[in-house]
Amino acid sequence: MYLTKEEERIYDGEFGWANQICMRILVRLGELFGATELIPISSAHASGVSYKTLGDAPSDFLEALASSGAKTKVKATLNPQSFDATYLRKKLPRELFEKQSSIMKYFQKMGFDPSFTCTPYYLEKPKKNSHLAWAESSAVVYANSVEKAWTNREGGPSALAAAVIGKTPNYGMHQIENRQPSIMIKLKKPLLRDVEFGALGIFLGKMLGEKIPVIQGLGNASADDLKQLGAALASSGMVNMFYFEDEPAKSDVAEKITVEAKDIQRTIETLTTAQIAKPDLVFLGCPHCSLNELRQIASLIGNRKVRNDMEFWVCTSCYVKSKAKKYVEKIENCGGHVLTDTCAVVTWTDKLGIKSVMTNSAKTAHYAPT
Ligand code: F3S
């Protein structure tokens, strides 16, 4: 890779170990993917924040970076962690909370925004055509497809390194030639529910490999539907973006596939793996809820009460929750919990005695059983 004089000095350790290791991660990654240079980014979003999914060794690495003076150079947000501030904190063992708190402390010491959400685009919309280094596959697909920003699917370490250096290797989704669609997907029947959009994502993700699709027939899809579709697409496969129908000059691809209603129905059936008829937990908010979704949930719950033998969690970011006081109050008065900073996948549901989960999220349905 070609490095500028300053990049070379960082690489050689003149700016300390933390900057050096971050630069080395980026250069190695760039070499693996044939990049010839680093390019500046507008923001980074790091995953690997939950102690449940992270464990102890990466946590030691974060501590070393933070105590060696690593500092973010661009706006840098964080994925969900394993606790919310109140509900789970009371219910889960204290030693787990302490481990999680240390991880958060290291990230914050480096300058990361304690956003703890998988929907950083609600906090600040990325600019069209801006280059990002985002981990969290659902956010990557949303940023590339809906916000029209440019990001590869980073891993936790590479997003962290990019945040500290303020740059990312120029390859993959940062190059226009790699953002061209190669397959046209025609929906036989319009999709009607969030679950169907998620099922379409799972179905296509398994089939497409890394091909970028143009999906025809999404005219009625809301931004929330596209979020469900993208999250699922990234869970079952390696697709990092999709185009939706009315985008110009994208309809001349050679390969064409039709998706029928029965493909969607079958996918929903395969996502249903519980052997127990009654769920212990009903979980909404994967990816984290938008303001609009909180409004819909509050309106759908009406005057019903959550049963005593069941948990009802709605997960979102602190930012969105702060804008939705009225809806949050309604959901909580009915016995639900609007949890921020976390989700049912990155916390210890098993330690809470939860064996069976009902969700509208195809991503959670795909991951939770494993
Ligand atoms: Fe977000 Fe958790 Fe789903 S991190 S995308 S709510 S699995």
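Quick look at the structure, then. (Residues numbered from 1 in each chain as written. Predicted model: local features only at pLDDT ≥ 70, side-chain atom pairs only at ≥ 80, totals over all residues. Heavy atoms only, no water.)

**A few points about the sheet that holds strand S11 (residues 281-284)**
Pairing in this open sheet of four strands is parallel, and the strands run S13-S12-S11-S14 from one edge to the other. The sheet is open, and its two edges are formed by strand S13 (337-340) and strand S14 (357-359), each paired on a single side. For this sheet, the mean inter-axis angle between neighbouring strands, taken without regard to orientation, is 30°. With three bridges joining them, S11 and S14 adopt parallel strand pairing. Each bridged residue has a counterpart across the sheet, and for Phe 283 the counterpart in S14 is Thr 359. Running at roughly 125° to S13, helix H15 (residues 325-333) makes contact with strand S12 (311-316) and S13 of the sheet. (Pairing = 2+ DSSP bridges. Helix = DSSP H or I, 4+ residues; strand = E, 2+ residues; numbered from the N terminus. Axes fitted to C-alpha atoms, helices over the stretch in contact; angles between N-to-C directions. Contact = heavy atoms within 4.5 Å.)

**Some thoughts on the packing of aromatic side chains**
As enumerated under the stated definition, the model contains nine aromatic pairs in all. Between Phe 107 and Phe 112, the aromatic rings sit 5.1 Å apart at their centres with planes inclined by 80°, giving edge-to-face as the arrangement. Here Phe 107 falls in the buried class, since its relative accessible area comes to 2%. Taking NZ or CZ as reference, Arg 24 lies 4.4 Å from the ring centre of Tyr 11, over its face. Here the basic side chain of Arg 179 rests over the ring of Trp 150, its NZ or CZ set 4.4 Å away from the ring centre. (Phe/Tyr/Trp six-rings, centres within 6.5 Å; stacked < 30°, edge-to-face > 60°. Buried < 20%, exposed > 50% of the residue type's maximum accessible area, 1.4 Å probe, protein only. Lys NZ or Arg CZ within 6 Å of the ring centre and 35° of its normal.)

**A short note on the packing of helix H10 (residues 194-208) against helix H12 (residues 261-271)**
Packing of H10 against H12 leaves a shortest axis separation of 9 Å and a crossing angle of 90°. It follows that H10 is roughly perpendicular to H12 by the angle criterion. Of H12, the residues touching H10 (which contributes Val 195, Glu 196, Ala 199, Leu 200, Ile 202 and Phe 203) are Asp 263, Ile 264, Thr 267, Ile 268 and Leu 271. In terms of residue class, the contact of H10 with H12 is built from eight nonpolar, one polar and two charged. (Parallel < 35°, antiparallel > 145°, perpendicular 65-115°, else oblique. Nonpolar A, V, L, I, M, F, W, Y, C, P; charged D, E, K, R; others polar.)

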